[in-house]
Amino acid sequence: MIATLVIGLREGLEATLIVGIIAAFLRRNRAPLTPMWIGVGAAVALSIAVGFGLQLVEQALPQAEQEGMETVIGAVAVVFVTGMIVWMRTHARTLSKDLVASATAALGRGTAWALAGMAFLAVLKEGFETSVFLLATFQASADTGSAALGAVIGIAVAVLIGYGIYTGGVKLDLGRFFTGTGVFLVFVAGGLVLTALRHAHEAGWLVIGQQRTVDLGWLAPNGSLRGALVTGVLGIPADPRVVEVLGWVLYVVPVLAISLWPRAWRPSPQRVPRVRAVLAAAFAATAVVLAVAVPSGSGADLPRTVAVSGDARSVTASVAGDSAVLRVASGGREARITLPASAHRRVARAGTIADQWQVTEDVPSADRPTSLTLDQLVGLFGRVPVGVSPSTNPGPFAADWTVRDTVTLTTVDGGVLEASRSERDVLTLRGGGLPAARTTTLGRDVWAVPTADADRAATAVAAAQTRAAELRLWNAWLPLVLLVAAAAQAALAVRDRRRVSVPTTTTPGTDPSRGPPADVPARSLDHAVR
């Protein structure tokens, strides 16, 4: 509730200040206010429609797509609030002058729709930012009702304060107000960064940097006021992951520095290009150091020859693309089994993606007996088969065999993870007192890699792949982000250098916004944004 109240208060006050400045200008120039209110009303209605539309679209999506939608909305909200903080920081002093100039141009066209369009665009910017930011905050809040109530209260208070400033009854240091709320919103937006990264992981978009860092359960216990502040307002979870902490730091630190950097310490326009160039070089150098110094990591190398239990001693795999050859050593002999590409597929084993081949074929049953006694059946199955009664079906029985042989090989990067050969015998019994034929099955493992060995290998491979993925966060993704930041600073340095090199000239002229008639009791809002 606190977060949405501050959002509604700040955004609402910005919008009411804009409307108040335009209204004061129009009253000074004896222009009608109706077109302005038409534009304001249309912008408010469209902003509300955007918020509800996004919510309806999200609810209609499946769970995974909902997580992806919430990730996108959170990212857009972070961009909006950052732009809002930076824009107000740099344009607060000239806000009134810029709006008056735009209104003067619109009034000079002599059309009411130009004024309506100007008010519409000015308020739509604030309204659209508020809708997206509030929607992202609602999604991160555990109590949507109280969050919505906070937003309504904040907007209502902003309208009252804005009207008081317009009429002259309220004096407010807007510089300190916007700085204070801006700092608070930096931390709220930092929480949205954490939430967006968490949603991206749940949507399956982000799989790196998921190691837990610290347990903040002691700082934000469930049901406590402190927990509501840390988790509900600031959006900090009790179990932040590595990528979430990194994203929070990379966002909060620079934006907070921009918000609180004293004006006296800001470089002159002539020095700004040099400062940006130094920042670009620092970012690029850090990216290079990370890419070179952080090891790349590699997966666990599984052996191509492994021991097996059963009727063989060892197996050796030779993988070539989607086909493989398996050599089985047993008693001084070696059998060669070809596994074609048609038998290949990708499978998941203990969180590891592996290559698997499975070949099944019928083999001759010449070595199987054609007649079985009741004792032989008990010896094969360990019990009397279902459907056979020793008293009424004493045997012997005629036996028909169908033998199916299955060879399975699972590899990771050419190394053997699992390998096995099994037989499944389908036995059909006739005669021996049976009123009709009885069919039963008998299966056995000819040879196989021991299950414990396969589980240990799968765990080692998964751990190595996880470590390699985590290292890519530091030697690939973070350097990429720093390089993008370096390129942005370099481009801004070039732009600022060109601006400094171009001399500015001013042409004297008249300002139609000056000098309100004596009989018009209108008040300027220039004092409100200085």
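This is a predicted model, so every value here is computed, not measured.

**Examining the overall build of the chain**
The helix and strand inventory of the chain stands at 12 helices and 11 strands. Counting the 530 residues in the chain, one finds 42% classified as buried. By sequence separation, contacts in the chain at least 24 residues apart represent 72% of the contacts at least 6 residues apart. When the accessible surface of the chain is summed, it comes to about 27900 Å², and 63% of that surface belongs to carbon and sulfur atoms.

**As for the pattern of salt bridges**
With the rule as written, the count across this model stands at 15 salt bridges. Note that Asp239 is salt-bridged to Arg212, the shortest N-O span being 3.8 Å. Here Asp239 is found in the loop between α8 (225–233) and α9 (242–260), whereas its partner Arg212 is found in the loop between α7 (174–202) and α8, with 27 residues between them in sequence. When its relative accessible area of 62% is taken as the criterion, Arg212 is described as exposed. Between Arg430 and Asp400 there is a salt bridge, and its shortest N-O distance comes to 2.4 Å. In this pair, Arg430 sits in strand β10 (residues 415–430) while Asp400 sits in strand β9 (residues 397–412), placing the two residues 30 residues apart along the sequence. When its relative accessible area of 40% is taken as the criterion, Asp400 is described as partly exposed. The network of salt bridges with shared partners includes Arg198, Arg212, Asp239, Arg241 and Glu244.

**Quick look at the layout of surface pockets**
Its volume calculated, the second largest pocket comes out at about 1100 Å³. Lining the second largest pocket are 42 residues, with Val44, Ile48, Thr130, Leu134 and Ile155 positioned closest to its centre. The element best represented in the lining of the second largest pocket is helix α2 (residues 34–59), accounting for 12 residues. Residues belonging to the lining of the second largest pocket are distributed by class as follows: 22 nonpolar, 15 polar and 5 charged.

**Quick notes on the packing of aromatic side chains**
All chains considered together, the criterion is met by 2 aromatic pairs. Between Phe187 and Trp248, the aromatic rings sit 6.3 Å apart at their centres with planes inclined by 40°, giving tilted as the arrangement. One end of the pair, Phe187, is in helix α7; the other, Trp248, is in helix α9, with 61 residues separating them in the sequence. Using a relative accessible area of 28% as the deciding quantity, one classes Phe187 as partly exposed. Arranged with centres 6.0 Å apart and planes meeting at 80°, the rings of Trp261 and Trp265 form a pair that is edge-to-face. On the basis of relative accessible area, Trp261 is assigned to the partly exposed category, the value being 40%.

**Some remarks on the side chain of Asp405**
Along the chain, Asp405 falls in strand β9. Take Asp405: its relative accessible area is 5%, and that puts it in the buried class. Within the structure, the side chain of Asp405 is placed 2.5 Å from the side chain of Arg421, a separation counted as a polar contact. Dropping the residues within four chain positions of it, Asp405 is found in contact with Val359, Thr360, Glu361, Val363, Arg421, Ser422 and Glu423.

**Points about the pairing of strand β6 (residues 344–349)**
Side-chain direction in a regular strand flips from residue to residue, so the side chains alternate between the two faces of the sheet. The pairing of β6 with strand β7 (residues 352–363) spans 6 bridges and is classified as antiparallel. Across the sheet, Val347 pairs through a bridge with Ala354, a residue of β7. From the end of β6 to the start of β7, which pair antiparallel, there are 2 residues, and Ala350 there has a positive phi angle of about 55°.

**So, the sheet that holds strand β5 (residues 333–339)**
What the 4 strands build is an open sheet, ordered β1-β3-β4-β5; its pairing is antiparallel. Edge positions in the sheet fall to β1 (305–307) and β5, since each has one partner strand and no second. Going across the sheet, the axis of each strand differs from the next one's by a mean of 20°, ignoring polarity. Direction of pairing for β1 relative to strand β3 (residues 314–320): antiparallel, over a ladder of 3 bridges.

**Overview of the packing of α9 against helix α12 (residues 451–501)**
Where α9 contacts α12, the axes come no closer than 13 Å and their chain directions differ by 35°. You can see that α9 and α12 cross each other, and the crossing is right-handed. Within the contact between the two elements, α9 uses Val242, Val243, Leu246 and Leu250 and α12 uses Leu473, Trp474 and Leu478. Per-class residue counts for the contact of α9 with α12 are 7 nonpolar, no polar and no charged.

**Quick look at a nonpolar patch on the surface**
Judged by side-chain polarity, Val44, Ile48 and Phe52 come together as a nonpolar surface patch covering roughly 300 Å² of accessible area. Relative to the elements of secondary structure, Phe52 occurs in helix α2.

**Structural notes on unusual backbone geometry**
In this structure, Asp413 is a non-glycine residue whose phi angle is positive, near 55°. Here Asp413 lies in the loop between β9 and β10. Using a relative accessible area of 61% as the deciding quantity, one classes Asp413 as exposed.

**Remarks on the nonpolar core**
Membership of the largest hydrophobic core comes to 25 residues, with the highest contact counts inside it found for Ile73, Val81, Ile85, Leu185, Val186 and Tyr251. Mapped by element, the contributors of at least two residues to this core are α1 (2–28), α3 (63–91), α5 (112–140), α7 and α9. Those residues within four positions of Val186 in sequence are excluded, and the remaining contacts are Ile85, Tyr251, Val252, Val255, Leu256 and Ser259. Membership of the second largest hydrophobic core comes to 19 residues, among which are Val306, Val328, Val416 and Val446.

**Focus: the side chain of Thr410**
Following the sequence through the fold, Thr410 ends up in strand β9. Classification of Thr410 by relative accessible area gives buried; the value is 1%. Every residue in contact with Thr410, bar those within four places of it in the chain, is listed here: Ala354, Asp355, Gln356, Gly415, Val416, Leu417 and Glu418.

Cut-offs and rules
Residues numbered from 1 in each chain as written. Predicted model: local features only at pLDDT ≥ 70, side-chain atom pairs only at ≥ 80, totals over all residues. Heavy atoms only, no water. Helix = DSSP H or I, 4+ residues; strand = E, 2+ residues; numbered from the N terminus. Buried < 20%, exposed > 50% of the residue type's maximum accessible area, 1.4 Å probe, protein only. Contact = heavy atoms within 4.5 Å. Areas by Shrake-Rupley, 256 points an atom, 1.4 Å probe, with all protein chains shown as cover. Salt bridge = Lys/Arg side-chain N within 4 Å of Asp/Glu carboxyl O. 1 Å grid on protein atoms, 1.4 Å probe; cavity = no way out; pocket = protein on both sides within 12 Å on 5 of 7 lines; lining within 4 Å. Points joined across faces, edges and corners; volume = space filled by probe spheres on them. Nonpolar A, V, L, I, M, F, W, Y, C, P; charged D, E, K, R; others polar. Phe/Tyr/Trp six-rings, centres within 6.5 Å; stacked < 30°, edge-to-face > 60°. Polar contact = N/O pair within 3.5 Å; in protein donor to acceptor, adjacent residues only side chain to side chain. Pairing = 2+ DSSP bridges. Axes fitted to C-alpha atoms, helices over the stretch in contact; angles between N-to-C directions. Left-handed = near helix turned anticlockwise from the far one by under 90°. Patch = residues over 30% accessible without salt bridge, like charges linked within 9 Å, V, L, I, M, F, W, Y side chains within 5 Å. Core = buried A, V, L, I, M, F, W, Y, C linked by side-chain atoms within 4.5 Å.

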